[in-house]
Amino acid sequence: MTALQLTPIGTSPAWYNPGEPNSGFLLEGGGRRVLVDCGSGVISRYLALFGADHPIDAIVLSHVHADHCFDLVPLKYGIEFGTLRDWSPQLWLPPGARDRLTRLVSAWDEDFSYFDGAYDVRDYDTSAAFDVGPFTVSALDVPHYIESKALRFELDGTSFGYSSDLGPTEAIAPFMHGVDLLLAEAAFPEDGDLDMPGRGHITASEAGRIAHDAGAHSLLLTHVPEELGLERSRELAAAAFRSGPVHVARSGERYDVAHRLAAVS
Ligand SMILES: [Zn+2]
Ligand SMILES: [Zn+2]
């Protein structure tokens, strides 16, 4: 049995909470390191926490909004020209991501081959589970402003779910059924317009309800704007969840996924 550990690297929303990079979450298990999302500031923070001699084996993107993918660019240069030449991570992309990333780098380069020198690029979709190192991963379409995939990782009977950025959807709780740890965004203000057409984020209370309906064992909130109140968001989520511990994720904290937010020193 291999312990599955989660270390949030960055937890900011699309703008910055002080001292927090944008979205990036490290999963460790089976001797492998998998980074889920790679937003601005994530690689710098990763190197400060772990060092260049701890290569990331794979990166899985939930979607290609800036706050979830922009550090693919400095990481590429670090691998090709810098201190990360020993790294050769897989890069797992959801449907449509190649085209969006090609248009992004067209500001300074020709085409998607810009990424090929640094990354072993793979595509995934929601039709079947796929293997990323020792992890079995499945993906779910969730509503957002662009294509976005919730992700579920399984390793030796332990499960970790990541909501990605998403609007309200009934599909998420069944997809996350029984996960040991649910990492859910909570970017939308509780007093915001919940009936807004096409709403692309959820509230802390909604995150708590998803955890409750899924029968998750524990809940971590991320993507919470600091101005909404981190502790207030935690309390709102906990009131809706009720059956397990709730924390607001912070960069550098390390959790044993199977043990209800037990810290790993
Ligand atoms: Zn985001
Ligand atoms: Zn987004």
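How each quantity is defined
Residues numbered from 1 in each chain as written. Chains lettered and ligands numbered in written order. Predicted model: local features only at pLDDT ≥ 70, side-chain atom pairs only at ≥ 80, totals over all residues. Heavy atoms only, no water. Donors = N, O, S within 2.8 Å, 3.2 Å for Na, K, Ca; no water. Helix = DSSP H or I, 4+ residues; strand = E, 2+ residues; numbered from the N terminus. Buried < 20%, exposed > 50% of the residue type's maximum accessible area, 1.4 Å probe, protein only. Disulfide = S-S within 2.5 Å. Core = buried A, V, L, I, M, F, W, Y, C linked by side-chain atoms within 4.5 Å. Contact = heavy atoms within 4.5 Å. Tetrahedral: all angles 85-135°; square planar, octahedral: opposite > 155°, others 65-115°. Pairing = 2+ DSSP bridges. Axes fitted to C-alpha atoms, helices over the stretch in contact; angles between N-to-C directions. Phe/Tyr/Trp six-rings, centres within 6.5 Å; stacked < 30°, edge-to-face > 60°.

Peer 1: What's the story with the coordination of the zinc ion (ligand 1) in this structure? I'm lost.
Peer 2: Tetrahedral coordination by four donors sets the ideal angle at the metal to 109.5 degrees; octahedral coordination by six donors sets it to 90 or 180 degrees. Taken together, Asp 67 (OD), His 68 (NE2), Asp 165 (OD) and His 223 (NE2) make up the protein donors of the zinc ion (ligand 1), found 2.1 to 2.2 Å from the metal. Between consecutive donors of the zinc ion (ligand 1), the numbers of intervening residues give the motif D-H-x96-D-x57-H. Here the zinc ion (ligand 1) and the zinc ion (ligand 2) are spaced 3.5 Å apart, with Asp 165 acting as a shared donor. Remark: Asp 165 occurs in the loop between strand E10 (158–162) and helix H5 (172–175) and His 68 occurs in helix H2 (residues 66–69); sequence separation between them is 97 residues. For the residue pair His 68 and Asp 165, the accessibility class agrees, reading buried in each case.

Peer 1: Hey, could you run me through the state of the cysteines in this one?
Peer 2: Per the counting criterion, the structure on display carries zero disulfides. This cysteine, Cys 38, is not joined by any disulfide, and Cys 69 carries the nearest cysteine sulfur, 8.3 Å off.

Peer 1: It is not clear to me how the nonpolar core should be interpreted in this structure. Could you clarify?
Peer 2: Across soluble globular proteins, nonpolar side chains have a tendency to be buried as a group. Formed by 31 residues in total, the largest nonpolar core has its most connected members in Ile 59, Leu 61, Leu 72 and Tyr 119. The set of elements that each furnish at least two residues to this core consists of helix H1 (42–50), helix H3 (72–81), strand E5 (90–93) and helix H4 (97–105). Leaving out residues up to four positions away in the same chain, Leu 61 has contacts with Asp 37, Cys 38, His 68, Cys 69, Leu 72, Leu 91, Trp 92, Leu 93, Pro 94 and Tyr 124.

Peer 1: What is the right way to read the coordination of the zinc ion (ligand 2) from this model?
Peer 2: Surrounding the zinc ion (ligand 2) are the protein donor atoms His 63 (NE2), His 65 (ND1), His 144 (NE2) and Asp 165 (OD), at 2.1 to 2.4 Å. Viewed at the metal, the four donor atoms of the zinc ion (ligand 2) are separated by angles of 90 to 161°, and the geometry they form is irregular. In primary sequence terms, the donor set of the zinc ion (ligand 2) follows H-x1-H-x78-H-x20-D.

Peer 1: Please explain the sheet that holds strand E7 (residues 130–132) as it appears in this structure.
Peer 2: Strand-to-strand pairing in sheets goes through backbone hydrogen bonds, with the strands running parallel or antiparallel. Here we have seven strands laid out as an open sheet, ordered E7-E8-E9-E10-E11-E12-E13, and mixed in their pairing. What marks the edges here is a single partner per strand, and that holds for E7 and strand E13 (246–248). Each strand axis lies, on average, 25° off the axis of its neighbour in the sheet, ignoring direction. Examined bridge by bridge, strand E8 (residues 135–142) and strand E9 (residues 148–155) share seven bridges and lie antiparallel to one another.

Peer 1: So what exactly am I meant to see when it comes to the packing of aromatic side chains here?
Peer 2: For any pair of aromatic rings, the description consists of the separation of the ring centres together with the inter-plane angle of the planes. Following the criterion strictly, the structure yields 13 aromatic pairs and no others. Look at Tyr 77 and Phe 81: their rings are 6.3 Å apart centre to centre, the planes differ by 20°, and that puts the pair in the stacked class. Of this pair, Tyr 77 and Phe 81 are both found in helix H3, four residues apart, which corresponds to roughly one turn of the helix. Ring centres of Tyr 124 and Phe 130 lie 4.8 Å apart, and the angle between their planes is 15°; this geometry places the pair in the stacked category. We classify Tyr 124 as buried; its relative accessible area is 4%. Residue Phe 130 is classed as buried on the basis of its relative accessible area, which comes to 9%. Ring-pair connections join several aromatic residues into one group, and the members of that group are Tyr 77, Phe 81, Trp 108, Phe 112, Tyr 114, Phe 115 and Tyr 119.

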